[in-house]
Structure formats: C-alpha cells, structure tokens
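Architecture and fold: a report
Residues per chain, in single letters:
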Amino acid sequence: MSETASRAGVSPQYLSEIERGVKEPSSEMIAAVAGALDVTLVDLTLAIAESLRPAQQGASRDVTCSAAYALAA
C-alpha cells in the first residue's frame, strides 16, 4: 500500500481512509490513485459498477450506470 500511496502522492493513512470509505476523495485524487494502480478511470469505474451490481440485483441497470458515472465525475 505504501508504494501505491507514494505513486499517487498521498500518505498511506489517507489511502487507507479512502479504501475504508472514511474520506471522500476528489476526482483528481481518484485519477491519481487509478494512475498509481496502472488502471484507467474507465476500467476503475467499470470494476466499481460490476462490484455494485450484485447488491442491486432488483434495481434497474440505469441506477448502476448512474452510480458508475457519479464515481467517475
């Protein structure tokens, strides 16, 4: 984690807080973390949307897509 945090330009503690949902990172910070993980924002957003899909089985696809777009913003 410390290597990823260093590449993203944040402290390991801050990265941990993002991971645990304690902090709400800016879009710039999400982009920095994605870059540090060597993934695109599109890939990250799609992965998040896919991870939310089982939790929203009864919801429409539009809701999941809206959540993904909100995370990418």
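Residues numbered from 1 in each chain as written. Predicted model: local features only at pLDDT ≥ 70, side-chain atom pairs only at ≥ 80, totals over all residues. Heavy atoms only, no water.

Turning our eyes to something else, we now look at the overall build of the chain. Helix and strand content of the chain: 5 helices and 0 strands. From first element to last, N terminus to C terminus, the chain shows the α and β order α-α-α-α-α. Here the chain, with 73 residues, has 21% of them falling under the buried criterion. Within the chain, contacts between residues at least 6 apart in sequence are counted, and of these 25% link residues at least 24 apart. Counting only carbon and sulfur atoms, one obtains 55% of the accessible surface of the chain, whose full area is about 5,000 Å². (Helix = DSSP H or I, 4+ residues; strand = E, 2+ residues; numbered from the N terminus. Buried < 20%, exposed > 50% of the residue type's maximum accessible area, 1.4 Å probe, protein only. Contact = heavy atoms within 4.5 Å. Areas by Shrake-Rupley, 256 points an atom, 1.4 Å probe, with all protein chains shown as cover.)

Within the largest apolar cluster, 8 residues are counted, these being A5, A8, V10, L15, I18, M29, V33 and A36. For this core, the secondary-structure elements that each account for two or more residues are α1 (2-8), α2 (12-19) and α3 (27-36). If you tally residues by element for this core, the top one is α3, at 3 residues. (Core = buried A, V, L, I, M, F, W, Y, C linked by side-chain atoms within 4.5 Å.)

Those residues of α3 that fall on the buried side of the exposure criterion are M29, V33, A34 and A36. Down the axis of α3, the buried side of the element spans an arc of 160 degrees, and every buried residue falls inside it. Exposed side of α3, more than 90 degrees from the buried face: E28 and G35 are the residues found there. Where the residues of α3 are buried, they touch α1, α2 and α4 (41-52). (Arc of directions from axis to C-beta.)

Looking now at the side chain of T4. Structurally, T4 is set in helix α1. Not counting residues within four places of it along the chain, the set of residues in contact with T4 comprises L15, A36 and L37.

Okay, the environment of A31 next. Relative to the helices and strands, A31 resides in helix α3. Sequence separation of A31 and A8 is 23 residues, and the distance between their C-alpha atoms is 8.7 Å.

Checked against the element boundaries, M29 lands in helix α3. If near-sequence neighbours (up to four positions away) are discounted, M29 is found in contact with V10, Y14 and I18.

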